[in-house]
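Coordinates in review
Take a look at the letters that make up each chain.
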Protein chains: 2
Amino acid sequence: MEKRLKDALIAIVGKENFLDSIEDRICYSYDATNQKYLPDAVAFPGSTQEVSGIMKIASRDKIPVIPRGAGTGFTGGSLPVQGGIVMVMTRMNRIIEIDNDNLIAVVEPGVITGKFQKEVARSGLFYPPDPASLEYSTLGGNVAECSGGPRAVKYGVTRDYVLGLEAVLPTGEIIHTGARTMKSVAGYELTRLLVGSEGTLAVITKIILRLIPLPEAVRTMLAIFPEITQAAKTVSEVIRSRIIPSTLEFMDNATIRCVEDYLHMGLPVEAGALLLIEVDGEKEIIEKQVSKIDELCRKGGAERIEIARDEAEQEMLWKARRSISAAIVKLNPTKVNEDIVVPRSKVPDIINALHGIAEKYQLVIVNFGHAGDGNIHVNIMTNRKNKDEMERVEKAVEEIFRTTLNLGGTISGEHGIGITKAPYLKWEVGDTGIEVMKRIKASFDPNNLR
Amino acid sequence: MEKRLKDALIAIVGKENFLDSIEDRICYSYDATNQKYLPDAVAFPGSTQEVSGIMKIASRDKIPVIPRGAGTGFTGGSLPVQGGIVMVMTRMNRIIEIDNDNLIAVVEPGVITGKFQKEVARSGLFYPPDPASLEYSTLGGNVAECSGGPRAVKYGVTRDYVLGLEAVLPTGEIIHTGARTMKSVAGYELTRLLVGSEGTLAVITKIILRLIPLPEAVRTMLAIFPEITQAAKTVSEVIRSRIIPSTLEFMDNATIRCVEDYLHMGLPVEAGALLLIEVDGEKEIIEKQVSKIDELCRKGGAERIEIARDEAEQEMLWKARRSISAAIVKLNPTKVNEDIVVPRSKVPDIINALHGIAEKYQLVIVNFGHAGDGNIHVNIMTNRKNKDEMERVEKAVEEIFRTTLNLGGTISGEHGIGITKAPYLKWEVGDTGIEVMKRIKASFDPNNLR
């Protein structure tokens, strides 16, 4: 990076918040996709004004700026593909306000999601979105990607909790969108347009979040089924009975085997599928719901059902779900991680199709995820160094996406498009959709600097 | 309208679905704002293809097209301000699908909202948004305006229920946005951008709506307070107790007087305010909530509390709320109807300010609305023919908007911007906000037709 530019950036953020040694740049060259692109420099702004200052310089000199939080993304949205400045938002990590009367919070983008949830829980309030990364990932990153998580089946995703934003445009101007209120229809809905735009339209510098009352109690249960289609049908039956659990997760046989191998917690390795079900709300109601779900699981063919009696047992049941990622990498070193969604009733169809695709291309595919909202994490366990296999992986991914779309689904539920899914986006939104999105991009970022 | 163009439109929609006599054009020249702009013709398309055909012709000939539903809007969003073709969507009124397994519905834009709610209720499902116009207004219009209603305090607004759209761009191309699933992050969030865009970006031809289970029971209560600030504080106390009622409506003294004068139902005309409170959910829970709210109302100074024991009594309590619009026009012939929102805790401040403004400008201002979400319908009852008074009305409106924004609120909660609030939009979103919105408009509608 030329000295003039470096000096200008240091003048904005201070010497201690600017990095450009090769070692430091390497640290900010990757995310959870494990792809690497070296930035020219790394800056840590401390305020909206500093973000604006960086954007103005970058816009003038036509240098890409890539905002990022904790870098936990799975699709490469925070990678400096064309170099430029990686702008790390973690210094802007204040919870500015938790407003008990209006049930809102105002935060900076660098606040860790899990920390925020604990903080609002102290006031008896609840911020439901719970991406698996929540102990590390930031609210800014969650908003940029529109993160989901297990609770989406009942509570929706990040977009359902963002009421307003402060953001800096690529040209350095500061905008305020939305409101501190549920209702607001003043002009185009810029807030929700920015949510999920993956940092490509503006840099988020402040977030107004909606909160809800914390549920009084939670009950967790685990049900094991001989066949995966039995589990999938039971999911549909639960919803048909008009119970919306706060979590309805499933693991297929391959996932169960990996987790059992990893944890030795006594899971039956012959089982076709496992459901982790959680309900929350008023005590009396959830007791009734647990009985009803228990009955539906039995009817649906469950061979074993465990209902947690206390928090420790609850934690045990979640342990299986939480260790999946660590457990499955033992199968093969490279995880190609897709994030498809189909309408809930189509889960059996997509699962069958995935088994067929695994067989056809001779691949190890491990499936788990959010059965309640049809969001399935499809993990092709492979080896990056095996060229022949990687070619088959690519073909399998294409077939998975085609099948998903044919079932009325979407190619990304919560991980975003980033760089890894960009080639497939037009399959879902069509050429006209892509054209409209490109024009929207240009209307925010005329220089098209990423 | 020239013959060539008329013939082309008739070729698309058929003779019976095209109007251009002066009498027919007058029928489509107004909405609930009571402003009038004569269109050149009126067309009733019967399919997405027909909408696309009309848009292509209009785009080629640079003729404005104004889509509309039932014309119940309060801000003039469906008025043909520059003439052109009014495109009435009421023929496209099929409920295409109610999907019990996935809790979604797919509808055409011309479906009447109230009719749709009744239809899904038969399957034990619930579509919460309930604009006052719901017996007449269409889902397409509700989506275009992002309608709210009393239930927003608990259930959110129209945008919270729209998962996906089919829409026709001003250039005639058809796009599909969003998905049939809760989770979907494939590209920019065009669905929520189109919701609330008031027909200025695209014509909505199909809507995918999220449904939720119908609450088991509903309880309605009415509380009367000597002072309006007591009522407002009680609203805050209810929320602070972590009860979110499904409805939390208020009427001020002027509204109570009008309604009593109209209905003779025994409302105390000296009362400062009336709260209409409804809770819904499981029977056991709402009984507890009713007792708690009853206690909070008493503590808050309520002088009378009525709790409906059955559906007939419930209907009686709602009658007061529902007859407001008819009742207040007796005060003065012209109603200038604003739709501001402030954070819930600021309701006492805005009410005080509104009283001050009424006095300062010597105007009759009647306030009622959604205390639970801070959305207040401010009605200046005046006479269009009184020029001097209308000038004071204009100044009062400006002061109301300034005060609202100073309290952290928004100038439109559920009525949109349309033509009546357009001059004030920049006060809320700023010059940069307006610029961004103009560029988004251009990216959908390069000819800026309408």
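1. Some words on the relation of the copies chain B and chain A
Between chain B and chain A, which share one sequence, the superposing operator has a rotation angle of 180° and an axial displacement of 0.0 Å; the RMSD is 0.0 Å. In the structure described here, the two chain copies are related by an operation that fits a two-fold rotation axis. Residue by residue, 99% of the interface of chain B is reproduced at the interface of chain A, so both copies engage with the same surface.

2. So, the pattern of salt bridges
With the rule as written, the count across this model stands at 68 salt bridges over all chains. We note a salt bridge from Glu414(A) to Lys183(B), for which the minimum N-O separation is 2.9 Å. With one member in each of two chains, Glu414(A) in the loop between α14 (387-406) and α15 (425-444) and Lys183(B) in the loop between β9 (174-178) and α7 (190-194) form a pair that bridges those chains. For the pair shown, Glu414(A) and Lys183(B) are each scored as buried. Of the charged contacts, one joins Arg304(B) and Glu306(B) as a salt bridge, the two residues approaching to 2.7 Å between their closest N and O atoms. Residue Arg304(B) is classed as partly exposed on the basis of its relative accessible area, which comes to 30%. Among the residues examined, Glu306(B) registers a relative accessible area of 30% and is labelled partly exposed. Residues participating in the shared-partner salt-bridge network are Glu2(A), Arg4(A), Arg60(A) and Asp61(A).

3. With respect to the interface of chain B and chain A
Across the boundary between the two partners, chain B contributes 79 residues, which contact 78 residues of chain A. Here chain B and chain A share an interface that buries about 6,600 Å² over both sides, 58% of which is from carbon and sulfur atoms. In terms of surface lost to chain A, no three residues of chain B exceed Lys183(B), Val185(B) and Tyr188(B), which account for 15% of the buried area on that side. Counting across the chain B and chain A interface gives 10 salt bridges.

4. Things to note about the domain arrangement of chain A
All names here are of chain A. Each domain of chain A was delimited in the assignment, giving domain 1 (3-88), domain 2 (95-213), domain 3 (217-324) and domain 4 (331-427). The C-alpha-based centres of domain 1 and domain 4 are spaced at 32 Å. With 10 residues of domain 1 at the interface, the matching set in domain 4 holds 9 residues. In this assembly, domain 1 packs against domain 4 so that about 670 Å² is buried in total across both faces, 60% of it on carbon and sulfur atoms. Of all residues in domain 1, Gln35, Phe74 and Thr75 give up the largest surface area on contact with domain 4, accounting jointly for 74% of the area buried on that side. Applying the counting criterion to the domain 1 and domain 4 interface returns 0 salt bridges. Across the domain 1-domain 4 interface, the total number found is 3 residue pairs in polar contact (both at pLDDT 80 or more). Tallied by class, the residues present in the side of domain 1 that touches domain 4 amount to 4 nonpolar, 6 polar and no charged.

5. Focus on the packing of aromatic side chains
Evaluation of the coordinates by the stated rule reveals 12 aromatic pairs over all chains. Where Tyr127(A) meets Tyr161(A), the ring centres are 6.0 Å apart and the plane angle is 75°; that geometry is what we call edge-to-face. Highlighted residues: Tyr127(A) in the loop between β7 (125-126) and α5 (139-145) and Tyr161(A) in the loop between α6 (152-155) and β8 (162-168), separated in sequence by 34 residues. Between Phe126(B) and Tyr155(B), the aromatic rings sit 5.2 Å apart at their centres with planes inclined by 90°, giving edge-to-face as the arrangement. One end of the pair, Phe126(B), is in strand β7 (residues 125-126); the other, Tyr155(B), is in helix α6 (residues 152-155), and 29 residues separate them in sequence.

6. Some words on the pairing of strand β5 (residues 95-99) of chain B
All names here are of chain B. Here β5 pairs with strand β6 (residues 104-107) via 4 bridges, running antiparallel. Across the sheet, the residue bridging to aspartate 99 is isoleucine 104, located in β6. As consecutive antiparallel partners, β5 and β6 are separated by 4 residues, and within that stretch leucine 103 has a phi angle of approximately 50°, a positive value.

Parameters and conventions
- Residues numbered from 1 in each chain as written.
- Chains lettered and ligands numbered in written order.
- Predicted model: local features only at pLDDT ≥ 70, side-chain atom pairs only at ≥ 80, totals over all residues.
- Heavy atoms only, no water.
- Least-squares fit on C-alpha atoms with pLDDT ≥ 70 in both.
- Contact = heavy atoms within 4.5 Å.
- Salt bridge = Lys/Arg side-chain N within 4 Å of Asp/Glu carboxyl O.
- Helix = DSSP H or I, 4+ residues; strand = E, 2+ residues; numbered from the N terminus.
- Buried < 20%, exposed > 50% of the residue type's maximum accessible area, 1.4 Å probe, protein only.
- Buried area = accessible area lost by both parts, 1.4 Å probe.
- Domains from an automatic or database assignment.
- Polar contact = N/O pair within 3.5 Å; in protein donor to acceptor, adjacent residues only side chain to side chain.
- Nonpolar A, V, L, I, M, F, W, Y, C, P; charged D, E, K, R; others polar.
- Phe/Tyr/Trp six-rings, centres within 6.5 Å; stacked < 30°, edge-to-face > 60°.
- Pairing = 2+ DSSP bridges.

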